[in-house]
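Spelled out, the chains give:
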Amino acid sequence: MKKLTSTLVALATLATAVAADSAIDARKVTTSLDKVSNTSSVWNGAKFSTVTLYPQTTIEFNDKKANEINAENKAVKAQVAAVYNSAKIAFLIKWPDGTKNVQQGNRTDSYADGFAVQFASNYANPAELPYIGMGSEGRQALIHLQKQVVKFYEPNGNGDVATQVNPNQTELFGKDLKVFNAKVDTLASLDYEKSYVGEGFRSMTEIKDGSSNSQSTMTYGKNAWTGTLSRSLKDTYVDLNAAAIPVAFAVWDGEKMGRNGLKYLTAWTAVVFQKGDNTLVNALHGKIEGDATKGKESAIANGCTGCHQMEKTDAASLMGPSLTNIGGYATVDYLRESLVKPSAVVVPGYNRNAHSNYAWYNIENGKRVSTMPDHSWMEKADIDNIIAYLKTLKAEVK
Amino acid sequence: MSKRQLAMVMDLNKCIGCQTCTVACKTQWTNRNGREYMYWNNVETYPGTGYPKNWMELGGGFDAAGDLQPGVIPNLEADYGVPWDYNYDALQGGASFEPNVEPTWGPNWDEDEGAGVFPQDNYFFYLPRICNHCTNPGCLSACPRDAIFKREQDGVVLVDLDRCQGYRYCIAGCPYKKIYFNPKISKSEKCILCFPRIEQGLPPACAQQCVGRIRFVGFLDDEEGQVHKLVNKYKVAIGLRTDYGTQPNVYYVPPTESPAKFDANGKIIEGSTRLPIEELEKLFGPEVHGAIATLKAEMKKRKETGESELMDILIAYQHSDMFRLDNNYYQQVAKESGQHLLAPVDNRYVTGKHTKAGHVMKFFHGGDVKAGGHH
């Protein structure tokens, strides 16, 4: 308990001291990171950074009630620290949440609070990181997810036949029935912790063969969640042995019916192991060139608003992804690429079955080709201005 | 769109609301493992709130332009109803027979109420509903995980439980609310058209057990099949709420006959009918007029000449004619795809089938308890 208090005090003081959304400095430790929680002593000397999580608004989902309660979402600030040893890396993320929501096993309308940490499989070129939401074609992302689900039973092929019946259909009564119910109880999983690989929305696939191992915890207290994740520096999907790596964080609010895209997420954020090579830090946290005011004029003149909802006050459009929070979670390089090479990353989240009249892309020779025109003809200064404008498009912080 | 489409026709003139189909489905699929509240097959009273409550007003489906419409996910307690049980255990101690929860709502809460004023013009009919295995499913379009698919060989719409993450957009997307969230496994589940039975040449349990013999099952493109004849040849079987744009593949023969109304003195008003045609139009669209006209004409023809193929079909003489599942077709599909046909009942649930009282039920807890020992 003493340890917990000191950690929380450390978190509280650091929260005010750190400037917004800088890179995260990872601290090297010699202790084991095999089992990490919010009370672990490894966090005592860790340096905390602030990251901002923006409501994802790229795609609107078809849940009427959820859309209503999420319409005015503000951004959320979280404190993050990272520590590593020779084999593992661990993260701690603390974010405010006024309500503790645990998905119940006997209701159809309860949703879980949760968090995820995302890694890029290939980050050698910081200008070509996976799409922030869920990776993109040819740019794989690895996602570790922890959710608060009270108890769940995976459908399994383990032949637990006799326990898959309604208790009232057994021939058991009294004490025997209690024993039976206790047996069924042991088959439930209490820890909804999963890992996925994704190359864009709808492609996300759970890793079930043990090829990626992680250990995470979630603890609620004082109107905030603290999540921790510990994982190997290297597995089949990612190799984090580098001077700096990109990570992204997402959190879900069960109170707001949060699940999948209904979440808050950060932009790619640099985690720095060794000072010196600043390529990744500059790409993700460098100064933004360009004039946002001129950029807005240019965006209007070039017809961006014809297909995209840019500002919150603009009308929603099915023609293209909503950009109302793009400045919060997209990097400068991603925005540039989207302008000059629109087909380099085509968000596959657009469901062709759902809105058959609005094609975000066509499939030519098996490749997605964006219906957005190529803007590589524009002057660099003009593109910089538009990017500067796009970077201003984001919700205010709560 | 799948290569072939298996479809069901339900003759509403013959449905007596006995719920045998509901029970057949429930005992086969939904009486356990978090599915207790689900009715993959239900029979509701129309007009009425239906199941889940007011499902027609909960959104989903597509607009005229073909865009998926937002929908609402029903609440278990208020809209579906908590499946209650009784205090069997306490009865041994002399307690009175009580439900274990205070029931506030459930399927068929308003059974047989209908509309109108008794005895002048009250009316209702039964509407059995299963998943429509739509050609353009709202659930499939809504899924952000590609976890829902439509089988090529027969158009059956299924959930891949491995891919499903329990997001529940499918429930909002289905205008019929015939896909359900299983909170125990945190995944969505739905009517599977008893595909393990179908693949063995057996009709879905609901159709097999129907005492009114109202259900026909067959491939839409099988021109010799009764389903094809009812839907395409005579056009007397129509999809439910086709205005939702999902192209449902369960078809209904609309109710054609209803008693006359009474006047204030209790006298029959000649030529009147209790069932308002507007209600049928709402459910089945303008095609309902043509369907009813054909049905009446064929009825008349049968009375006068003794001949009518349509009436012979609707009399439903033989199960073998009503269910044309073309067993060899599935065997061929399995052979071509190199897969095995599934057993008609999920084998995981079969153990214990032949268990007699007194048998040692060792799978319960290590074989130390004799089943039936307390009887």
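Residues numbered from 1 in each chain as written. Chains lettered and ligands numbered in written order. Predicted model: local features only at pLDDT ≥ 70, side-chain atom pairs only at ≥ 80, totals over all residues. Heavy atoms only, no water.

Quick notes on the interface of chain B and chain A
Residue-level contacts link 57 residues of chain B with 58 residues of chain A. Approximately 5,000 Å² of surface area, both sides summed, lies buried where chain B meets chain A, with 47% of it carried by carbon and sulfur atoms. Summed over the shared surface of chain B and chain A, the number is 1 salt bridge. Residue Lys208 of chain A is joined to Asp162 of chain B by a salt bridge in which the shortest nitrogen-to-oxygen separation is 2.2 Å. Elements represented by at least two residues in the side of chain B that touches chain A include exactly α2 (76-80), α3 (88-91), α4 (138-142), α5 (169-173) and α14 (362-365) of chain B. For the side of chain B that touches chain A, the class distribution of residues is 29 nonpolar, 15 polar and 13 charged. (Contact = heavy atoms within 4.5 Å. Buried area = accessible area lost by both parts, 1.4 Å probe. Salt bridge = Lys/Arg side-chain N within 4 Å of Asp/Glu carboxyl O. Helix = DSSP H or I, 4+ residues; strand = E, 2+ residues; numbered from the N terminus. Nonpolar A, V, L, I, M, F, W, Y, C, P; charged D, E, K, R; others polar.)

Overview of the layout of surface pockets
The calculated volume of the largest pocket comes to roughly 1,300 Å³. As for the largest pocket, its lining consists of 44 residues, and the residues nearest its centre are Asn166 of chain A together with Gly34, Glu36, Pro83 and Asp85 of chain B. Every element with two or more residues in the lining of the largest pocket is listed here: α3 (174-186) of chain A together with α1 (20-30) and α2 of chain B. Take the lining of the largest pocket: its biggest share by element is 5 residues, from α3 of chain A. For the lining of the largest pocket, the class distribution of residues is 18 nonpolar, 19 polar and 7 charged. (1 Å grid on protein atoms, 1.4 Å probe; cavity = no way out; pocket = protein on both sides within 12 Å on 5 of 7 lines; lining within 4 Å. Points joined across faces, edges and corners; volume = space filled by probe spheres on them.)

Here's the deal with empty space enclosed by the protein
Residues and elements named next belong to chain A. One pass over the structure, following the stated rule, counts 9 cavities of 30 Å³ or more. Here the largest cavity defines a volume of roughly 200 Å³. Lining the largest cavity are 20 residues, and of these Ala116, Met134, Ile143, Trp252 and Lys263 sit closest to its centre. Elements that contribute at least two residues to the lining of the largest cavity include exactly β5 (114-120), β6 (141-147) and β11 (244-252). Tallying contributions element by element places β11 first for the lining of the largest cavity, with 4 residues. Classifying every residue of the lining of the largest cavity by side-chain character gives 14 nonpolar, 4 polar and 2 charged.

Quick notes on helix α9 (residues 277-284) of chain B
Residues and elements named next belong to chain B. The set of residues buried in α9 consists of Leu280, Leu283 and Phe284. For α9, the buried positions fall inside an angular range of 75° around the axis, keeping them on one side. Looking at the buried side of α9, the elements it contacts are β2 (42-46), β3 (125-129), β9 (238-239), β10 (250-253) and α10 (287-305). In the stretch just after α9, Gly285 is the one whose phi turns positive, near 75°. (Buried < 20%, exposed > 50% of the residue type's maximum accessible area, 1.4 Å probe, protein only. Arc of directions from axis to C-beta.)

Details of the domain arrangement of chain A
Residue and element names in this part refer to chain A. You can read the domains of chain A as domain 1 (2-152 + 189-285) and domain 2 (292-391). Taken together, the 26 residues of domain 1 in the interface contact 23 residues of domain 2. Approximately 2,000 Å² of surface area, both sides summed, lies buried where domain 1 meets domain 2, with 54% of it carried by carbon and sulfur atoms. Among the residues of domain 1 in contact with domain 2, Thr58, Tyr131 and Arg202 are the three that bury the most area, contributing 25% of the side total. In this structure, the connection of domain 1 to domain 2 is made through 2 salt bridges. With a closest N to O distance of 2.9 Å, Glu137 and Arg368 form a salt bridge. Applying the counting criterion to the domain 1 and domain 2 interface returns 10 residue pairs in polar contact (both at pLDDT 80 or more). Mapped onto the side of domain 1 that touches domain 2, the elements with two or more residues apiece are β2 (49-55) and α4 (279-285). Of the residues that constitute the side of domain 1 that touches domain 2, the class distribution is 14 nonpolar, 6 polar and 6 charged. (Domains from an automatic or database assignment. Polar contact = N/O pair within 3.5 Å; in protein donor to acceptor, adjacent residues only side chain to side chain.)

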